Amino acid sequence: MTFKPPLTEIMLAMQTAGRLGAEFYQDFSASDAKAILDEAGKFAAEQIAPLNRVGDKVGARYVDGKVTTPPGWKGVYQMWAEAGWNSLTGPAAYGGQELPMVMAVACTELWNAASLAFALNPLLAAGAIEAISAHASPQLKQHYLPNLISGVWTGTMNLTEPQSGSDLSGLRCKAERNCDGTYGISGTKIYITYGEHDCSENIIHLVLARLSDAPAGTRGISLFLVPKFLSDGTCDDVRCASIEHKLGINGSPTCTMIYGDKGGAKGWLIGEENRGIACMFTMMNNARLLVGVQGVGVAERATQAAFAYARERHQGKVPGISEGQSSIIDHPDVKRMLLEMKSKTAAARMLCMATASAIDESLLATNDAQKRTALARASLLTPLAKSYSTDIAVEVSSTGIQVHGGMGYVEETGAAQYYRDARILPIYEGTNGIQAIDLITRKLPLEHGETLALELKHCEDCIAKVEMAFGPSFFGKVMTRSLAKLRFCARAFPSAEPILALAAASPFQRSLAVTLAAGYLLDATCETVNDYKKQLMLTDANFFIATEVAQAAAQCETSFECANLIINALKQ
C-alpha cells in the first residue's frame, strides 16, 4: 500500500499540543516547520516506504561475523545522511541544526510510518549523540559528534545482558583502567539494535560496564564509548556473535555483541566513574518519547492500510446503501473499527507532541521558573507518551488485521507486518509496566503534585473551550468524571501500601494518558478553522471520549480494588 504522509494532521498537532508559535519558539515558525515537513514527507514516502516490505521479507543477514542489511537499505541510508536528516536536533557547534524537539517528533513519525525497522538506526544514534553531548569530555565531543551528527557514523546503546535486563543491578560487563587513560571493556551484551551493519563507516557503541572496585548494584555502573574502528582504522576488540530471529522489525539487526575476546575493547569514559546510570538516562528519556512516536507511526500506517482496504473490498449488503454488494467501509461495525483506529492514533500523536513541546520549553525558555515547570511537565508526560502510544500501536495494528479479515492474517496484504513490528514497542526502552512504576513513584510527586494538577486543569480548560463553542454535552460529563477519578487516585497513591500502589499503577497510567490526550484533541478541534474539518475532528474526539476515556474512568475507579485482587491472586 502506498504511504501518504499525514502532513495536515502532524502540523495541527504541532500547532496545538506542540504549542508551535509560543514565545519560546521565537526563532522557529510554522512556515519553517511546514517546509521541513513537506520535504520529510517526500523522503519518507518515496525513499523509505518502498523498503518496508523487502526489509520484512528478506531481513538482515548474518554471515561470518558480518551483518548485511536488506536490499536498498544502505543506499537509502546514505541518501538520508547526505540530505541532512540525521542532523535535525544535533548541536550547531558540531554540525547540527538545533531544531526543536517538536520537529524531531514530526519527522520521526514519518520515518517510522514508512519503515520502523529502517528508522530504528537513526533513533539509536540520536540517543548516543545526546549522551555524548551532555556528559563526554570536550575531546570526545570534538572527535565523535561531527560524524555522528552528519550520519557518517551511527551509534548504539549497550545496556542489556543475558542475566540483566530491566534490572541493571546484576550487570557483569567489566571495565579495567588502562595506563593511557582508556579502559579495557569485556563482556557480552544482547538485544543491541544495529550493533553491526553495513550502512555507515563506523559504529559508536555506548556500553554500560562495571569497574572491579565499583560499589555493588546500580551505584557501581559506568558508561563507556567503544568504537567499532579506532582512530588509526584498526578494529577494536568488539564483534557481533549473532543476530536474533524475531517476530517483527526483521530489517533491523538485533545483535549479540562480544567485547574483549583479545584482552579488552578500548573504551573511553563518558561522565564520571560509577555515574553511568545518570548518563544512560540522558539517552533513554528522550528515546522513550521517540519510541512512543514510533508507535504513532506504525498506527498511522496500519490505519491508512485499513481504510484503503475497506474502501476497495465489497462484501455483504448494507440496508439503504446500495442494491448490490457494499464496500465494507459502509458496514457500521467496520466504521466503528476504523474510527477507533483513527481516533487512537490522533490522540497518541497529540500526547507525544505535547511532551516534545514541554522538552523544548525546558531548553528554550529564558525564565528559570518556566524552565523548571516545563522540565517537570516533560518528566510527567514522558511515561504517558511512551506507554500509551506503544500500546495503541499494538491495538490499532491488531484491529487493522480484523478490518482486513482473512486477508489480514496472511502476509499478502502487509497488514500482519504492522502488528508484528509494533509488538516490540511496549517492551523496549523500559517496559510499559516500568513506565507506570516510574509515573507513580517519581513523576506524580513532582513539584509536590502541582505538575499533575496543572495538566488536569488544562484538560478542564479544553472542555470549557469546547462547551463554549458547541454547548454542554454528554462527552464533557464523561471527561469531568474521569478527571475526578484521576484526582482521587492520585491522592490515594502516597498513602497506599507500596505493593498495592504498584498493582494499581498501570490502569492509572492508561487512564491519565487517555484523558489528557482527549483534552488535546478537544483543544485542536477548537483551533481548526474549516467548519467541515472541525466537525470531523469533534466526531473523532467525542468517539475517543465515549470509548477510551469512559472505559479508562471506570478502570481508574476500580484500580485499587483490582490491585487487591491481583495481590491476593499472587499469594495463591
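Placed above this text is the structure.
Everything in this summary refers to the structure shown in the same document. What you are looking at is a predicted structure, and each value in this text was computed from that prediction instead of being measured.

Thresholds, definitions, all that
Residues numbered from 1 in each chain as written. Predicted model: local features only at pLDDT ≥ 70, side-chain atom pairs only at ≥ 80, totals over all residues. Heavy atoms only, no water. Core = buried A, V, L, I, M, F, W, Y, C linked by side-chain atoms within 4.5 Å. Buried < 20%, exposed > 50% of the residue type's maximum accessible area, 1.4 Å probe, protein only. Helix = DSSP H or I, 4+ residues; strand = E, 2+ residues; numbered from the N terminus. Contact = heavy atoms within 4.5 Å. Axes fitted to C-alpha atoms, helices over the stretch in contact; angles between N-to-C directions. Parallel < 35°, antiparallel > 145°, perpendicular 65-115°, else oblique. Left-handed = near helix turned anticlockwise from the far one by under 90°. Nonpolar A, V, L, I, M, F, W, Y, C, P; charged D, E, K, R; others polar. Patch = residues over 30% accessible without salt bridge, like charges linked within 9 Å, V, L, I, M, F, W, Y side chains within 5 Å. Areas by Shrake-Rupley, 256 points an atom, 1.4 Å probe, with all protein chains shown as cover. Salt bridge = Lys/Arg side-chain N within 4 Å of Asp/Glu carboxyl O. 1 Å grid on protein atoms, 1.4 Å probe; cavity = no way out; pocket = protein on both sides within 12 Å on 5 of 7 lines; lining within 4 Å. Points joined across faces, edges and corners; volume = space filled by probe spheres on them. Phe/Tyr/Trp six-rings, centres within 6.5 Å; stacked < 30°, edge-to-face > 60°.

### Quick word on the nonpolar core
Item 1. Counting residues in each nonpolar core, the largest one holds 191 residues, and the members touching the most others are Met-14, Met-103, Trp-111, Ile-185 and Phe-508.
Item 2. The greatest single-element share of this core, amounting to 18 residues, is contributed by helix 8 (residues 276–312).
Item 3. Look past the residues within four positions of Met-103 in its chain and what remains in contact with it is Met-14, Phe-28, Ala-33, Ile-36 and Leu-37.

### Concerning the packing of helix 6 (residues 116–135) against helix 8
Item 1. For the pair helix 6 and helix 8, interaxial distance at closest approach is 9 Å and the crossing angle is 155 degrees. In terms of their interaxial angle, helix 6 and helix 8 are classed as roughly antiparallel. Here helix 6 runs over helix 8; the crossing is right-handed. Every residue of helix 8 that contacts helix 6 at Leu-116, Leu-120, Leu-123, Gly-127, Glu-130, Ala-131, Ala-134 and His-135 is listed here: Ala-278, Cys-279, Thr-282, Met-283, Asn-286, Leu-290, Val-291, Gln-294 and Val-298.
Item 2. Class assignment for the residues of the contact of helix 6 with helix 8 results in 11 nonpolar, five polar and one charged.

### A closer look at a nonpolar patch on the surface
Item 1. Taken together, the side chains of Ile-437, Ile-499 and Leu-502 present a nonpolar region at the surface, about 240 Å² in accessible area.
Item 2. Mapping Ile-499 onto the fold places it in helix 16 (residues 498–527).

### A word on unusual backbone geometry
Leaving glycine aside, a negative phi is the common case for residues, and trans is the common case for peptide bonds.
Item 1. Positioned with a positive phi, Arg-19 is a non-glycine residue whose angle comes to about 60 degrees.
Item 2. Along the polypeptide, Arg-19 turns up in the loop between helix 1 (7–15) and helix 2 (30–48).
Item 3. The class of Arg-19 is partly exposed, set by a relative accessible area of 33%.

### Thoughts on empty space enclosed by the protein
Item 1. By the definition in use, this model includes two cavities of 30 Å³ or more.
Item 2. Reported here for the largest cavity is a volume of approximately 50 Å³.
Item 3. For the lining of the largest cavity, the elements supplying multiple residues, two or more each, are helix 5 (101–114), helix 8 and helix 12 (415–422).
Item 4. No other element matches the three residues that helix 12 contributes to the lining of the largest cavity.
Item 5. A per-class count over the lining of the largest cavity returns four nonpolar, three polar and two charged.
Item 6. Roughly 30 Å³ of internal volume is contained in the second largest cavity.

### Considerations on the environment of Leu-444
Item 1. By secondary structure assignment, the location of Leu-444 is in the loop between helix 13 (432–443) and helix 14 (450–470).
Item 2. When the C-alpha positions of Leu-444 and Phe-493 are compared, they lie 9.0 Å apart, and in sequence the two are 49 residues distant.
Item 3. Apart from residues lying up to four places away in sequence, Leu-444 is in contact with Leu-380, Leu-439, Gly-449, Leu-452, Phe-493 and Phe-508.

### Concerning the pattern of salt bridges
Item 1. Scanning the model with the defined rule gives 29 salt bridges in all.
Item 2. The shortest N-O distance in the salt bridge between Glu-39 and Lys-42 comes to 3.5 Å. Of this pair, Glu-39 and Lys-42 are both found in helix 2, three residues apart, which corresponds to roughly one turn of the helix.
Item 3. Owing to a relative accessible area of 42%, Glu-39 belongs among the partly exposed residues under this scheme.
Item 4. On the basis of relative accessibility, which here comes to 43%, the residue Lys-42 falls in the partly exposed class.
Item 5. Among the ionic pairs, Lys-344 bridges to Glu-548, the shortest N-O distance being 3.8 Å. Residue Lys-344 is located in helix 9 (residues 332–364), and its partner Glu-548 is located in helix 17 (residues 531–557); the two are separated by 204 residues in the primary sequence. For the pair Lys-344 and Glu-548, a shared accessibility class is recorded, and that class is buried.
Item 6. A cluster of three or more residues bridged by salt bridges with shared partners is formed by Asp-333, Arg-336, Glu-340, Lys-344, Glu-395, Arg-510 and Glu-548.

### Some points on the environment of Phe-488
Item 1. Mapping Phe-488 onto the fold places it in helix 15 (residues 474–492).
Item 2. Classification of Phe-488 as exposed rests on a relative accessible area of 52%.
Item 3. When the C-alpha atoms of Phe-488 and Lys-371 are compared, they prove to be 28 Å apart, with 117 residues separating the residues in sequence.

### Notes on the packing of aromatic side chains
Item 1. For the structure on display, the rule yields 12 aromatic pairs.
Item 2. Their ring planes at 85 degrees and their centres at 6.2 Å tell us that Phe-43 and Trp-111 sit as a pair that is edge-to-face. A residue pair is termed long-range when its members are at least 10 positions apart, and Phe-43 in helix 2 and Trp-111 in helix 5 qualify at 68 residues.
Item 3. A relative accessible area of 10% places Phe-43 in the buried class.

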